[in-house]
Protein chains: 2
Amino acid sequence: MTAIARAHPNIALVKYWGKRDEELILPETGSLSMTLDAFPTTTSVTLTPDADEDVFLLGGEAVAGKPLERVVAFLDHVRTLAGSTSRARVESSNEVPTAAGLASSAAGFAALAVAAAAEYGLALSERDLSRLARRGSGSACRSIPDGTGFAIWRAGTDDQSSYAEAVPAPDLRMVVLTLDAGSKSVSSREGMRRSAATSPFHDAWVSSTTQTLVEAEAAAAAGDFTTLGELTESNALRMHAHINGSVPPIRYLAPASIAAFDAIESLRASGVEVYGTADAGPNVVAVCRPGDADAVADALGEIGPTTVVAPGPGARLVSAAVECAE
Amino acid sequence: MTAIARAHPNIALVKYWGKRDEELILPETGSLSMTLDAFPTTTSVTLTPDADEDVFLLGGEAVAGKPLERVVAFLDHVRTLAGSTSRARVESSNEVPTAAGLASSAAGFAALAVAAAAEYGLALSERDLSRLARRGSGSACRSIPDGTGFAIWRAGTDDQSSYAEAVPAPDLRMVVLTLDAGSKSVSSREGMRRSAATSPFHDAWVSSTTQTLVEAEAAAAAGDFTTLGELTESNALRMHAHINGSVPPIRYLAPASIAAFDAIESLRASGVEVYGTADAGPNVVAVCRPGDADAVADALGEIGPTTVVAPGPGARLVSAAVECAE
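Residues numbered from 1 in each chain as written. Chains lettered and ligands numbered in written order. Predicted model: local features only at pLDDT ≥ 70, side-chain atom pairs only at ≥ 80, totals over all residues. Heavy atoms only, no water.

Focus on the nonpolar core
So, step 1. Residues V274, V296 and L300 of chain A together with V274, V296 and L300 of chain B are the most contacted members of the largest nonpolar core, which totals 40 residues.
So, step 2. Within the residue set of this core, elements represented by two or more residues are β12 (173–177), α8 (255–269), β14 (284–288) and α9 (293–300) of chain A together with β12 (173–177), α8 (255–269), β14 (284–288) and α9 (293–300) of chain B.
So, step 3. Membership of the second largest hydrophobic core comes to 38 residues, among which are I243 and Y252 of chain A together with A204 and I250 of chain B. (Core = buried A, V, L, I, M, F, W, Y, C linked by side-chain atoms within 4.5 Å. Buried < 20%, exposed > 50% of the residue type's maximum accessible area, 1.4 Å probe, protein only. Helix = DSSP H or I, 4+ residues; strand = E, 2+ residues; numbered from the N terminus.)

Some points on the relation of the copies chain B and chain A
So, step 1. Mapping chain B onto chain A is achieved by rotating through 180° and translating by 0.0 Å along the same axis, at an RMSD of 0.0 Å. Put plainly, the chains are arranged around a two-fold axis.
So, step 2. Taken as a fraction of all interface residues of chain B, those also at the interface in chain A reach 100%, which identifies the copy contact as same-surface. (Least-squares fit on C-alpha atoms with pLDDT ≥ 70 in both. Contact = heavy atoms within 4.5 Å.)

Side note on the interface of chain B and chain A
So, step 1. Taken residue by residue, the interface counts 24 residues in chain B and 24 residues in chain A.
So, step 2. Of the roughly 2,000 Å² buried between chain B and chain A on both sides combined, carbon and sulfur atoms contribute 66%.
So, step 3. Three residues, F201, R238 and R251 of chain B, lead the burial of chain B against chain A; their summed loss comes to 33% of the area buried on that side.
So, step 4. At the boundary of chain B with chain A, the tally comes to four salt bridges.
So, step 5. Residues E265 of chain B and R251 of chain A are paired through a salt bridge, measuring 2.8 Å at the closest nitrogen-oxygen approach.
So, step 6. The interface formed by chain B and chain A holds 10 residue pairs in polar contact (both at pLDDT 80 or more) in total. (Buried area = accessible area lost by both parts, 1.4 Å probe. Salt bridge = Lys/Arg side-chain N within 4 Å of Asp/Glu carboxyl O. Polar contact = N/O pair within 3.5 Å; in protein donor to acceptor, adjacent residues only side chain to side chain.)

Some details on the pattern of salt bridges
So, step 1. Taken as a whole, this structure holds 38 salt bridges over all chains when the rule is applied.
So, step 2. Among the salt bridges present, the one from E273 of chain A reaches R289 of chain A, with a minimum N-O distance of 2.8 Å. You can see E273 of chain A sitting in the loop between α8 and β13 (274–277) and its partner R289 of chain A sitting in the loop between β14 and α9, a full 16 residues away along the chain.
So, step 3. Residue classification places R289 of chain A among the partly exposed residues on the basis of a relative accessible area of 35%.
So, step 4. For the salt bridge of R154 of chain B with E217 of chain B, the shortest nitrogen-to-oxygen distance reads 2.8 Å. Highlighted residues: R154 of chain B in strand β10 (residues 150–154) and E217 of chain B in helix α6 (residues 202–221), separated in sequence by 63 residues.
So, step 5. Judged by its relative accessible area of 24%, R154 of chain B is partly exposed.
So, step 6. Ionic contacts of the salt-bridge type, sharing partners, join the residues D128, R131, R134, R135 and D159 of chain A into one network.

What to know about the environment of R6 of chain A
Residue and element names in this part refer to chain A.
So, step 1. Secondary-structure assignment places R6 in strand β1 (residues 2–7).
So, step 2. Between the alpha carbons of R6 and L112 there is a distance of 8.4 Å; along the sequence they are 106 residues apart.
So, step 3. Sequence-distant contacts of R6, defined by excluding residues within four places in its chain, comprise P40, T41, T42, A111, G314, A315, R316 and V318.
So, step 4. A distance of 2.9 Å separates the side chain of R6 from the side chain of T42, its partner in a polar contact.

Some thoughts on the sheet that holds strand β13 (residues 274–277) of chain B
Within a sheet, each strand pairs with its neighbour through backbone hydrogen bonds, oriented either parallel or antiparallel.
All names here are of chain B.
So, step 1. The strand order across the open sheet formed by four strands is β13-β14-β12-β15, and the pairing between neighbours is antiparallel. Strands at the two margins of the open sheet, each flanked by one partner only, are β13 and β15 (306–309). Strand-to-strand twist across the sheet, computed as the mean angle between neighbouring axes with direction ignored, equals 25°.
So, step 2. Across four bridges, β13 lies against β14 in antiparallel orientation. Following the sheet pairing, V274 is matched in β14 by C288.
So, step 3. Seen against the sheet, helix α7 (residues 225–244) touches β13 and β14 and runs at an angle of roughly 30° to β13.
So, step 4. Contacts from α9 reach β12, β13, β14 and β15, with the element oriented near 10° to β12. (Pairing = 2+ DSSP bridges. Axes fitted to C-alpha atoms, helices over the stretch in contact; angles between N-to-C directions.)

These figures come from the coordinates and say nothing about function on their own.
Structural data, given as C-alpha cells:
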C-alpha cells in the first residue's frame, strides 16, 4: 500500500523566528500564516519492510546527506509513534518550488506527515498531524489545517500544546516577488541561532511579536484588512531588524527587496492598500485585497517576476493505491 | 568687531540616536565620531547692538523660519551666558554641504558656538564650547574637540557633564558615498522621537550602544582597526534596525544603500578590510585603512559619487577683524 498526500507552502503574516526547544521545535512565539493555493508538494510513502534503509527521492532523484537525514529522523519519530520498525520509500515532487524562491520544507514536511501517518497506520486528528509536521520543520505545522486558508501556530509550552489551527481572516491575495531562488548564505536555522545568541533585540522581538500576534488574530477575526496589513509589514521589518542586530550581522534583504518595499509604500501613497513582508531571504511578498492584486503585480513586475496567490487548502491525502510492496 | 570660526562635519562610528532631554539635548548614550578634513562651515558673528532682531545669512541668503529660530534660540542662550542683550548678524557658508549629503548642522553649530562665544566675550574652555555647541545640535559638540580627529561625546547626566572630548584612534579614511543629497522624508528629530516612543528595540538599542561605545573606545585606544570597524558596522545596522521597528515603520536606507553594504561585504571577502556605516538617510560611509581608500572608492564609485576624507581639525577661530559695527 502507498499513501499519497499533498500540501501547500505557507507565508507568515506574523513571523516564526526563534526556537525555544530545538529538539521538539517549539517556537518562542506563535505565528500567523496564509497557506497558498499554489506550488504544492506531493509526497508518497510506501512501507518497505524488507529494506535496511529509508529511501528518499525528490523530483525522481535519490537524495542523500542532510536532507535525507531529516527525512529519516522524521520517519524514526513516526515509527516510534506507530510501534513499527519498517523502513519506507518516500517520493516527493514540488511544483515550481525553487523557481518561486519559496521555502519548500513547510509543504514538504506537511505532506510527508500526512502520508507517513496514513502509511504507518496512525489515526491522527488534524491537530496531531500539525504537531507531527512541526517535528519535521516548524512552519510545516501551519500547512496542515484546512478550512480558511489561514492558520495560527499556537506556541504552546510543550510537544502537546504546540500546533497550528485554522483561523478566520479577510480574503486577501499575496503577490510573490521572486528576487532570488538560490540558496541563502545563512540558513534560517543558523540565522535563528545567531540572532537569539547575539542580537540585543532578541527579547524585544519575542515580546513584541507575542503582542503583535494577539492584535493580528483579533484584526483577522474582525475582517480588518488594514490593521492586519500594517501589523504584517511592521512584524516583517522587525524580524529583519532583529536579525540585522546579530554578530556578525546578517542581512537577508537585497537592494531589489528595498526597491520592492519602496514600491509598496508608493502604491499605498497612491491609494492602493498593500503591505510588504519578507522571509529570511531577498524575496518580497505583497499583501493586498483581491481586487488590487493585478495592479500590485504590475507595479512589482518592474522589479522582478511575480506570482499572485490566494488562500489555499490544508494538507490532505489525495489517494491511497494498494500495491504489492515486493 | 567680528569673530569668524570654522568647523568640519563629523561622522559617527558609534551613533547618537535618542535624546533623554530634548531641551538640553542630552543623549541617551555616548557616541564616537571622526571629524572630517573636508566640507567645512565658516561662520562669522557680529554684534549689532542697535538692531531689534538677529539676522542669519546662509551662503549669502537671508534665512527665515525654523532654521532662523534655531539660530536665534542658540544666540539667546549665548546672551544669557554673557549677560548681553545685543542682537547679532550671523553669516555662514558651507563648502559643498548639501552636495555631499552630509548633515551640515554639526559643523554649523560648532562654528557658530566658537564664533558667538568669542564675539560675546565668553572665555570658554574646549569642553565648555562643546557643551555650548551641543545646545544648538547634539552632534555639533563632537565637531569642537581638536587633536586626534576623533571625539567621544560623553552622554553625561546633565548640562555640565555632557560634552565631547578628543580620543586616540587608529588612522583611517572614510569613503562617503552620496546617494541622495535631498531632504529626508522623516527628519532625524522626528525619527528619534518616533523610535523612542514606538520601537520595541529602543531599550536594547540604548543598552547595547552603551556597551558598544565602551568596546569601541578601547579598540580605538589600542589602535585595533578591525574591532573598531566591526563595531562600527554592527552599530549602524542596529541603529537602522531600531528605527525600522517604529510604528509606522521608518526606513532610511535605499536600494543603493544595500548595494553599498553588499559591495563592502564583497570587498571584505576579497581581503580589503572595510566596514560600512550610514546615518539617518541613504548615504553610506565606508571606513577603511588609508592604503585601501582608493580601492574602496573605486568599488563604491560604481554605485554613486564618492569622496575620500581623513581625520580633520576641531572647530577654531580663523580670524577676528576689528570693524565698526555701525
